[in-house]
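# Structural characterization, general
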Amino acid sequence: MNYPDWLTKSVANRSQGFLLEGFVPGAGPKDARLVILGEAPGRKEIASLVPFSGAAGVELDKNLTLAGLKREQIYITSAVRSRPYRIQQGINRKTGVAETKYPNRTPTKKEVLAHAPITDYELQTIQPEIIIPLGNIGLHRLLGPKHSITQDHGQIITSPVLELNADQDGYQWGNHVYTLVPMFHPAAIFYNRKLAPLIEQDWTNLGELLHTKS
Ligand code: URA
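Residues numbered from 1 in each chain as written. Predicted model: local features only at pLDDT ≥ 70, side-chain atom pairs only at ≥ 80, totals over all residues. Heavy atoms only, no water.

## Description of the overall build of the protein chain
- Broken down by element type, the protein chain carries nine helices and nine strands.
- Here the C-alpha radius of gyration of the protein chain, 17 Å, is about what a compact globule of 214 residues would show, namely 17 Å.
- With respect to the principal axes defined by its C-alpha atoms, the protein chain has extents near 60 × 45 × 30 Å.
- Counting the 214 residues in the protein chain, one finds 48% classified as buried. (Helix = DSSP H or I, 4+ residues; strand = E, 2+ residues; numbered from the N terminus. Rg over C-alpha atoms; globule rule 2.2 N^0.38 Å. Buried < 20%, exposed > 50% of the residue type's maximum accessible area, 1.4 Å probe, protein only.)

## Looking at the UniProt feature "domain: Uracil-DNA glycosylase-like" (unreviewed entry) in the protein chain
- On the UniProt side, "domain: Uracil-DNA glycosylase-like" (unreviewed entry) is annotated at positions that read residues 25-204 here.
- Within the segment residues 25-204, helix and strand shares are 34% and 23% respectively, and the terminal C-alpha atoms sit 28 Å apart. (UniProt positions renumbered as here; feature names shortened; annotations may be inferred.)

## Comments concerning the packing of aromatic side chains
- One pass over the structure, following the stated rule, counts four aromatic pairs.
- Here the aromatic rings of Tyr3 and Phe23 are separated by 5.8 Å at their centres, their planes lie at 85 degrees, and the arrangement is edge-to-face. Linking Tyr3 in the segment before helix H1 (5-14) with Phe23 in the loop between strand S1 (20-21) and strand S2 (34-38), this pair joins segments that are 20 residues apart in sequence.
- Residue Tyr3 is classed as buried on the basis of its relative accessible area, which comes to 12%. (Phe/Tyr/Trp six-rings, centres within 6.5 Å; stacked < 30°, edge-to-face > 60°.)

## As for the site of the ligand
- Residues in contact with the ligand, as listed here, are Gly38, Glu39, Ala40, Pro41, Glu45, Pro51, Phe52, Ser78 and His185.
- Between an oxygen atom of the ligand and a main-chain N or O atom of Phe52, the distance comes to 3.0 Å.
- The protein chains hide 93% of the 230 Å² of surface that the ligand would expose on its own. (Near = heavy atom within 4 Å. Polar contact = N/O pair within 3.5 Å; in protein donor to acceptor, adjacent residues only side chain to side chain. Areas by Shrake-Rupley, 256 points an atom, 1.4 Å probe, with all protein chains shown as cover.)

## Here we look at the sheet that holds strand S7 (residues 130-133)
- The mixed open sheet is built from five strands, whose spatial order is S3-S2-S7-S9-S8. Of all the strands in the sheet, just strand S3 (74-78) and strand S8 (157-164) have a single pairing partner and so form its edges. Direction aside, the axes of adjacent strands within the sheet are offset by 35 degrees on average.
- Here five bridges tie S2 to S3, and the two strands are oriented parallel to one another. Bridge pairing in S3 places Ile36 opposite Ile76. (Pairing = 2+ DSSP bridges. Axes fitted to C-alpha atoms, helices over the stretch in contact; angles between N-to-C directions.)

## Some words on the pairing of strand S5 (residues 88-91)
- Strand direction decides the pairing type here: S5 and strand S6 (residues 98-101), joined by four bridges, are antiparallel. In the sheet register, Ile91 faces S6, and the bridge partner there is Ala98.
- Between S5 and S6, which pair antiparallel one after the other, the connecting turn spans six residues, and Gly96 there sits at a positive phi close to 75 degrees.

In structure tokens, the structure reads:
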């Protein structure tokens with residue numbers, strides 16, 4: 001999506017001082033039925049400028065297929081649109097030379113708040129029928145920290161979502177009521193293979209829901 005200048009400038013300003021690099025715009029049609037809200041881009045996405053173009057994206061595509069969906073039909077974005085990284089100093093095992101690495105990390109609450117105007121803008125522009133938060137970062141951004149993906153995954157939740165407040169320093173509930181279906185983040189499977197049957201069931205159920213709604 002092309003964002004207005006005021007929006008990208010505001011988010012760049014709000015992101016000052018955080019260890020964030022690059023900017024990956026959300027991708028997909030403006031009239032999409034579904035919006036997927038991930039966590040933040042990683043190194044692959046920062047290079048390709050395509051959301052979910054790395055290993056998690058391969059899993060996401062498998063999940064979408066289970067629901068009978070193709071990427072082109074969906075608008076895909078994340079709670080933070082820049083890559084959060086750590087500075088890691090160490091010694092290279094092979095060469096013995098000191099080196100600095102910049103691995104990906106989970107975005108902080110403050111970083112999600114800094115990027116909140118973008119998510120608000122995307123949802124207001126697209127007004128999707130269904131929002132799929134992937135993992136706790138996306139889920140907390142929309143429904144607050146009392147929710148948990150372990151509890152909510154695969155559930156159909158009808159609710160307003162959190163948006164940036166008037167003082168731009170926290171959240172308030174928006175007016176629009178959305179249908180949300182939270183899902184495990186596709187990368188969750190890399191850390192816990194046992195989630196596979198749950199994830200498969202959730203996406204298959206989503207396919208059925210979309211079918212009955214269309
Ligand atoms: N994980 C996300 O949440 N978003 C991306 O774009 C890539 C990985």
